[in-house]
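Each chain is listed here by its residues.
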Amino acid sequence: MTAVIETRNLTKTYGSVRALDGLSLTIPRGGVYGVLGPNGAGKSTLFRILLGLIRPTDGEAVVMGGRIGDVAASRRMGSMIETPRFPPFMTARQVLVWLSAAHGLKADTARVSGWLERVGLTEAADRKVRGFSVGMLQRLGVAAALITEPELVILDEPTSGMDPPGIQEMRALIRSLSEKDGITVILASHQLLEVQRVCDRVAILNRGKLVREGAVSELTASGERLRLSVTPISRTLEIVSSLPGASGVLEGDAVLATLPRADTPALLRALVQGGVDIDEARWVGADLESVFMSETGSVQTPETIHAR
Amino acid sequence: MLADSVLSELYRLSRNRMAVFWSALFVPLLFVVGGITFHLITKSKIAEMTSKLAPDAAASMGATNLGHDLVQAAGIAANGAILVFMLIGAATLYAGDYRWETWRLISARNSRLNLILGKVGAFKVLTVVAMVVFLIAGLIFSLSGALINGQEITFSVDGGDAGDFGLLLLLGYIRIVQYAMIALLAGVFTRSLLAALFVPVVLGFAQSLLGGPGIAILQWEPTSWQSQLLMPGLAFDALKAMITAGVGAPPAPEGLMLKAIISLALWLLAPLAGAIAWFNRQDLSKE
């Protein structure tokens, strides 16, 4: 497994604040890789360092085989960091021609039109950017990151400001970049459901440190629980808690029990013998949100989801 | 790599019609319009005067030598108005990426040195375009004057004129590029387009005050080292006077040419070096 990015003990401090605290991370080539974390976890700082926009205080990083700031390596990458901005007097098409020129590529009309079409901006291609909505700017930002046909693309909140159909289109585009174009995509998003649907692997950062890393399927499988629709609930919780190695929590009108799968028959027997009526019992996988919250100890509120 | 940077900057600048108009086209246009108006007014005044004289008096005004007028236009191609309006293009090129928050789009694609030099290269091209347009405006001014006044039009350039023309253009070009270097330094240092525009204006105004009443109060010689080094405008004027000095003109003070050249070179290179040094350590994620 070759890596597109390797960081070792990467540290960035702003005064007394440690935005990144000895981060060591290896991101493999291929697939879609999610970087998650609550506000202030260090995601944007990591991206800015990888793109050479800022220098780390300590540690090192190898990006596409080159050191940070190595232009030859950087030219094999595309990026969209935060809400993209463009010269307001240019049209979307002109922006892509300009960025192609900045990259040393000839203005290829077909390539420019192709990317405008893939991000859904064909109709707005010849409109001035100053009139674009946030969602349209995001789409153009993604096209700008891809116009030089990079091997690796970093997208920071690519669906921010988009409507639900737009989010769905962007999700499909990101998957196709990985599957059809063979581009490695690194994605940061606060939309955990989106990350779970799109990413193959994720890294969870908290306070500048890596707290969890792995395939999405592994992370969610490790948190599966038995969902019990039962009456009475209080008696159920008592019985679950009395079993060795098991615990239960209330979720809505059901109980979520954590226990080894092999102990399922024993638990069900104990519940029946204890006078509990079982309406339904099924194993459910943990979603990324619950993994994220357990790893970061954060509570998701609309503010933490959308604020930066 | 540097060529990529220059070409992309030129492409973007070419799409910024307002910046191109105000920096390279406005002053020449004003020159043409003002010139034609001037010719029309002077013709009517002369007509009033000549009506009282012999009927063929207008013919005695002589011919218009476009070659000679081109040399004169080259001599004023770096005039104050051009310098100030060219700052619009300079500020747009040098500080536009801070204003539009677009540094992060291009900064990963090239070295920082190339990014800055690319902007300087694009401004040099803009300067050449502006000077060519100004020369064309000068020709239109002369032609319109000849046509309005019914003068004969000739074109003759001797060897001296051609030399003066080339040297004056080169000097004017250096003066404009040098003046815009202040905009580069101000723009990079403050990350502000307005600062890139106004710092050179304020500095230029201060230098002109110092060059006028200032050196008289300080009792400095205009040809002294400190005057020449502190005021590149004086250095420019000194070199221009040397180029246009006719036969029999008193020789320039000894060493003045060297002082003037060093002054222009210093004001050209020092802001560039400062801007590159500052830009290299700048956090471009904060815009």
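Residues numbered from 1 in each chain as written. Chains lettered and ligands numbered in written order. Predicted model: local features only at pLDDT ≥ 70, side-chain atom pairs only at ≥ 80, totals over all residues.

Student: Any chance you could break down the interface of chain A and chain B for me, citing the residues and the numbers?
Tutor: On the side of chain B, 23 residues touch chain A, which itself brings 26 residues to the contact. Listed by contribution, the elements that provide at least two residues to the side of chain A that touches chain B are helix H2 (71–74), strand E6 (77–80) and helix H3 (92–102) of chain A. Classifying every residue of the side of chain A that touches chain B by side-chain character gives 17 nonpolar, 6 polar and 3 charged. (Contact = placed C-beta atoms within 7 Å. Helix = DSSP H or I, 4+ residues; strand = E, 2+ residues; numbered from the N terminus. Nonpolar A, V, L, I, M, F, W, Y, C, P; charged D, E, K, R; others polar.)

Student: Break down the domain arrangement of chain A for me, with residues and values.
Tutor: Looking at the assigned domains, one finds that chain A contains domain 1 (3–215) and domain 2 (225–284). Relative placement of domain 1 of chain A and domain 2 of chain A: their C-alpha centres are 44 Å apart. (Domains from an automatic or database assignment.)

Student: So what's going on with helix H1 (residues 43–50) of chain A? Which residues, and what values?
Tutor: Residue and element names in this part refer to chain A. Judged by how many residues are buried, H1 sits mostly within the fold: 8 of 8 residues are covered. Those residues of H1 not exposed but buried are Lys 43, Ser 44, Thr 45, Leu 46, Phe 47, Arg 48, Ile 49 and Leu 50. Just downstream of H1 lies Gly 52, where phi reads positive at about 80°. (Buried ≥ 20, exposed ≤ 12 C-beta atoms within 10 Å, placed from the backbone.)

Student: Tell me about the sheet that holds strand E7 (residues 152–156) of chain A, and please be specific about residues and values.
Tutor: All names here are of chain A. Reading across the sheet, the 6 strands line up as E6-E7-E8-E3-E9-E10 and stay open at both edges, with mixed pairing between neighbours. On the outer flanks of this sheet lie E6 and strand E10 (209–215), each paired with one strand and no other. Strand-to-strand twist in this sheet, taken as the mean axis angle between neighbours without regard to direction, amounts to 15°. Bridge analysis of strand E9 (residues 201–206) against E10 gives 6 bridges, and the strand direction is antiparallel. If you follow Asn 206 over to E10, its bridge partner there is Lys 209. (Pairing = 2+ DSSP bridges. Axes fitted to C-alpha atoms, helices over the stretch in contact; angles between N-to-C directions.)

Student: I'd like a description of the sheet that holds strand E5 (residues 66–67) of chain A, backed by residues and values.
Tutor: All names here are of chain A. Strand order in the open sheet formed by 4 strands is E2-E1-E4-E5, and the pairing between neighbours is antiparallel. At either end of the open sheet lies a strand with only one pairing partner, and these are strand E2 (17–28) and E5. Here 2 bridges tie strand E4 (residues 58–63) to E5, and the two strands are oriented antiparallel to one another. Residue pairing across strands places Val 63 opposite Gly 66, the latter belonging to E5.

Student: Please give an account of the packing of helix H4 (residues 80–99) of chain B against helix H8 (residues 193–218) of chain B that cites residues and values.
Tutor: Residue and element names in this part refer to chain B. At a closest axis distance of 6 Å, the pairing of H4 and H8 adopts a crossing angle of 145°. In this structure, H4 crosses over H8, and the sense of that crossing is right-handed. Here Leu 83, Val 84, Leu 87, Ile 88, Ala 90, Ala 91, Tyr 94, Ala 95, Gly 96, Tyr 98 and Arg 99 of H4 come into contact with H8, specifically with Leu 193, Ala 196, Leu 197, Pro 200, Val 201 and Gly 204. A class-by-class count of the residues in the contact of H4 with H8 yields 14 nonpolar, 2 polar and 1 charged. (Left-handed = near helix turned anticlockwise from the far one by under 90°.)

Student: For the confidence of the model for chain B, give the residues involved together with the corresponding values.
Tutor: Averaged over every residue, the pLDDT of chain B is 89; the share at 70 or more is 95%. Two summary scores accompany this predicted model of the complex, namely pTM at 0.81 and ipTM at 0.86. (pLDDT = per-residue confidence, 0-100.)

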